[in-house]
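# Understanding the architecture of this molecule
Listed below, chain by chain, are the residues.
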Amino acid sequence: MALVSLTPFSTQPPSLSKGSRNNWFVAYPQPRGLMSAPGKTIEYQQFLSSSRLSKFRRAEQRPSISAVLTDENSDMMQIEEDTDTVAILDLDPGLQPYKDHFRYRMKRYIEQKKLIEKYEGSVENFAQGYMKFGFNREKGVIIYREWAPAAQEAQIIGDFNGWDGSNHKMEKDQFGVWFITIPDSGGKAGIPHNSRVKFRFKHGDGVWVDRIPAWIKYATVDAAKFAAPYDGVYWDPPHSERYEFRYPCPPKSTTPRIYEAHVGMSGSEPRVSSYREFADDVLPRIRENNYNTVQLMAVMEHSYYGSFGYHVTNFFAVSSRSGTPEDLKYMIDKAHSLGLRVLMDVVHSHASNNITDGLNGFDVGQSSQESYFHTGDRGYHQLWDSRLFNYANWEVLRFLLSNLRWWLEEYRFDGFRFDGVTSMLYHHHGINMGFTGNYNEYFSESTDVDAVVYLMLANSLIHNLLLDATMVAEDVSGAPGLGRPVFEGGIGFDYRLAMAIPDKWIDYLKNKKDKEWSMEEISWSLTNRRYTEKCIAYAESHDQAIVGDKTIAFLLMDQEMYSGMSALGPASPAIDRGIALHKMIHFLTMALGGEGYLNFMGNEFGHPEWIDFPREGNNWSYDKCRRQWNLVDEDHLRYKFMCAFDRAMNMLDERFAFLASNKQIVSCANDEEKVIVFERGDLVFIFNFHPENTYDGYKVGCDMPGKYRVALDSDALEFGGHGRVSHDVDHFTSPEGIPGVPETNFNNRPNSFQVLSPPRTCVVYSRVEEGNRERLLKPTSSLFRITKRLTEVSFFFQGLL
């Protein structure tokens, strides 16, 4: 969920020429001054929970998980002894003027971490709050605990006591935690599984209110009642009904190829789809297209469907629209069985303003230290109409860190994509900010150090619990250090979303004619990222698919997508241009824009319509809340060509691992010819964006001498092209200039070869050893059906065991 647009600004490393860029390093002039000290952290001693390993952490299944600090621990100990040494300053000398800032936030992080270790044993223990708070089953009893320090009285009510809490009054301890023990009765639990419950409390003015427990694991609504409130549900199924994971989690890929998906709108029918339907019908498609990671939106419960899952009401609860907790486990296990890792879109930047159903319901006249949220303007996001967490509060830290560990351990997610990080990093939340790259914008009194410390704790925790976790930040500001380890002084994410890239493509598609496109500007925008901080590149995500905007396919072809997509006759000029540029834009973004790639569900085949969730403005319609898979499945429609190319470009990375390579050299960005030539890994890429010109014998530079052949060709017939480039031609290199003297070479490259480059095409060449020619893996129409059937058979036999 984007906040603001980023105005790219970079300086070029002195050692690299403009024509040969390799791993661009964003370096900006820096600020003065240290941010003001934030609110005091409460020292709090609460339940010290013993270490407990869940089943998914058994060594034979997930050997990378460790509950103890390893390499980071030794590095952190050194930092604790000498906070003058901040390694990130050595990576970027431009950060040196902000040494005091980094020392201050490292000091705050270390102090907070030590306090947690002193009173909770460790951050890992601290993050097991779900073992004490909420409902927990112990020997013959259910113990329920809730933090509500401003409440005057409290009760637990539900189906189990006829919604009369007079016999289930709760007690309050010195830390504002209410608790009650509910014994079994007649050999059965005092609260039946799948029964409704609520927390009833009286606030200062004597009024009693009912709220859903903050740590509830499941919440449902009466679908027969319009705008009915949600109810908390006590979820503790018998062992016979619990889903048991069967498959190990796939190892971490060096280059995540992420398929962003929303389960509820993943079906062809205009209704809410289920976790099991997504598992059986959509996951095989994702695997067939050679993605290795699924990023799930809207998993946390949110009462308003139209919020896309970003106004969370119940942080520990699975969204009940798509099924039960056991259904979600089935889906994740199914993904793992296909070799797909699963990331969760986590929203810790804000919470729903909904009082009846959400966490905001506990905020009844409290001070900041008695509430999950800040009070006044600081606790409210003006644009999102949502509440903002008080990250300095002890119990807020427990709640949020435990929330992360809960999703990892209970559901076996492989990592998280953190939403709205820009809003967290700054007191202004990025509102009305056009970030230019000046370091004063990142390190000043506008920096919310409480939030920075929380993110450092969160990343440290996740990487200690799961060494191969993937952590992605949605940050539009380009904050330096966001993607560096905590022990270096960074915030600790593995990747940052390259959010400026889709903005650039939209600007070009809406405002520039084809002949006005600048190859220099495009390549600059794609390579403009911080050295040593990895990015996930994408041409379009869910942001570009929501109603009010248009996808790239829709911007290119618009209404002709409804009438001109038949493959039984020649394509119209608009369709021919649209499909060609759709392939080129996505592939160039993938190949040049980052160290990973992301695509939103349906965009791989150019889904023709936007997403519109049920809301008052569309008469609560589900018509646009779906994906029309039939379009890509129909052999006579051209959607299949874009999908086939998407599959092939992912396979190219599978075969050559070019996204994992540090070698990224743009040797040509010619605005007149409309050609971009670059090397990524050992591959040579040629993109010809000219609408008309064919270049025969076009000379391209390369590093290694030898014989090159086509590895991928967007103009191939199976991708809806015209088949103008021969795949059987050997391209032999010629040496260029004086060896060891780059300025005498062709485009600063020591070798070159000649190619045919038709208009609006991208062709990739790989170096081929004699007798060992690499061949492109062509898509087969039966692969999807085979994959789907094998998975169904596998799950059938598992059910018999």
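- An unreviewed UniProt entry annotates the protein chain as 1,4-alpha-glucan branching enzyme originating from Heracleum sosnowskyi.
- Annotation of the protein chain in UniProt includes, under Catalytic activity (unreviewed entry), the sentence "Transfers a segment of a (1->4)-alpha-D-glucan chain to a primary hydroxy group in a similar glucan chain."
- Regarding the protein chain, the UniProt comment filed under Pathway (unreviewed entry) reads as follows: "Glycan biosynthesis; starch biosynthesis."

### Side note on the environment of R103
- Topologically, R103 is positioned in helix α3 (residues 99–120).
- For the pair R103 and G489, spaced 386 residues apart in the sequence, the C-alpha separation amounts to 8.1 Å.

### Some words on a nonpolar patch on the surface
- On the surface, a cluster of nonpolar side chains totalling about 390 Å² of accessible area is made up of F226, Y304 and W620.
- Its location among the elements puts F226 in the loop between β8 (219–221) and β9 (230–234).
- On the basis of relative accessibility, which here comes to 70%, the residue F226 falls in the exposed class.

### Some words on the sheet that holds strand β30 (residues 751–757)
- Ordered in space as β26-β30-β29, the 3 strands form an open sheet in which the pairing is antiparallel. Edge positions in the open sheet fall to β26 (695–702) and β29 (734–735), since each of these has one partner strand only.
- By the bridge criterion, 7 bridges tie β26 to β30 in an arrangement that is antiparallel. Within β30, the position partnered with V700 by the bridge is F753.

### Some words on the confidence of the model for the protein chain
- This prediction gives the protein chain a mean pLDDT of 86; 85% of its residues lie at or above 70.
- Across residues 773–788, where pLDDT falls below 50, the model places 28 contacts with residues more than four positions away in sequence or in other chains.
- A low-confidence stretch, residues 796–801 (pLDDT under 50), is modelled with 2 contacts involving residues beyond four sequence positions or located in other chains.

### Digging into the UniProt feature "active site" (unreviewed entry) in the protein chain
- UniProt records the feature "active site" (unreviewed entry) for D419 and E474 in the present numbering. A maximum C-alpha distance of 5.4 Å among these annotated residues, which run over 56 residues, shows that they cluster at one spot.
- You can see D419 is positioned in the loop between β18 (415–418) and α8 (421–425).
- Within the secondary structure, E474 sits in the loop between β19 (470–473) and β20 (495–497).
- A polar contact of 3.3 Å, which involves the side chain of E474, links it to the side chain of R417.

### Remarks on the packing of aromatic side chains
- For the coordinates displayed, the defined rule picks out 60 aromatic pairs.
- Ring centres 6.0 Å apart and planes at 85° place the aromatic pair Y243 and Y330 in the edge-to-face group. Here the residue Y243 occupies a position in the loop between β9 and β10 (257–262), and Y330 occupies one in helix α6 (residues 325–337), the gap between them amounting to 87 residues. There is no split in this pair, since Y243 and Y330 are both buried.

### Let's talk about the sheet that holds strand β31 (residues 761–768)
- Spatially, 6 strands are ordered β23-β24-β25-β31-β27-β28 in an open sheet, and the strand pairing comes out antiparallel. Two strands in the sheet have a free side with no partner beyond their single neighbour: β23 (664–670) and β28 (731–732).
- Relative to β31, strand β25 (residues 683–688) runs antiparallel, the two sharing 6 bridges. Looking at the pairing, V684 lines up with Y765 of β31.
- Sitting on the sheet, helix α11 (residues 519–527) is in contact with β23 and β24 (675–680), with an inclination near 160° to β23.
- Set on the sheet, helix α14 (residues 573–593) makes contact with β23, β24, β25, β27 (707–713) and β31; between it and β24 the angle comes to about 40°.

Procedures and definitions
Residues numbered from 1 in each chain as written. Predicted model: local features only at pLDDT ≥ 70, side-chain atom pairs only at ≥ 80, totals over all residues. Heavy atoms only, no water. UniProt positions renumbered as here; feature names shortened; annotations may be inferred. Helix = DSSP H or I, 4+ residues; strand = E, 2+ residues; numbered from the N terminus. Patch = residues over 30% accessible without salt bridge, like charges linked within 9 Å, V, L, I, M, F, W, Y side chains within 5 Å. Areas by Shrake-Rupley, 256 points an atom, 1.4 Å probe, with all protein chains shown as cover. Salt bridge = Lys/Arg side-chain N within 4 Å of Asp/Glu carboxyl O. Buried < 20%, exposed > 50% of the residue type's maximum accessible area, 1.4 Å probe, protein only. Pairing = 2+ DSSP bridges. pLDDT = per-residue confidence, 0-100. Contact = heavy atoms within 4.5 Å. Polar contact = N/O pair within 3.5 Å; in protein donor to acceptor, adjacent residues only side chain to side chain. Phe/Tyr/Trp six-rings, centres within 6.5 Å; stacked < 30°, edge-to-face > 60°. Axes fitted to C-alpha atoms, helices over the stretch in contact; angles between N-to-C directions.

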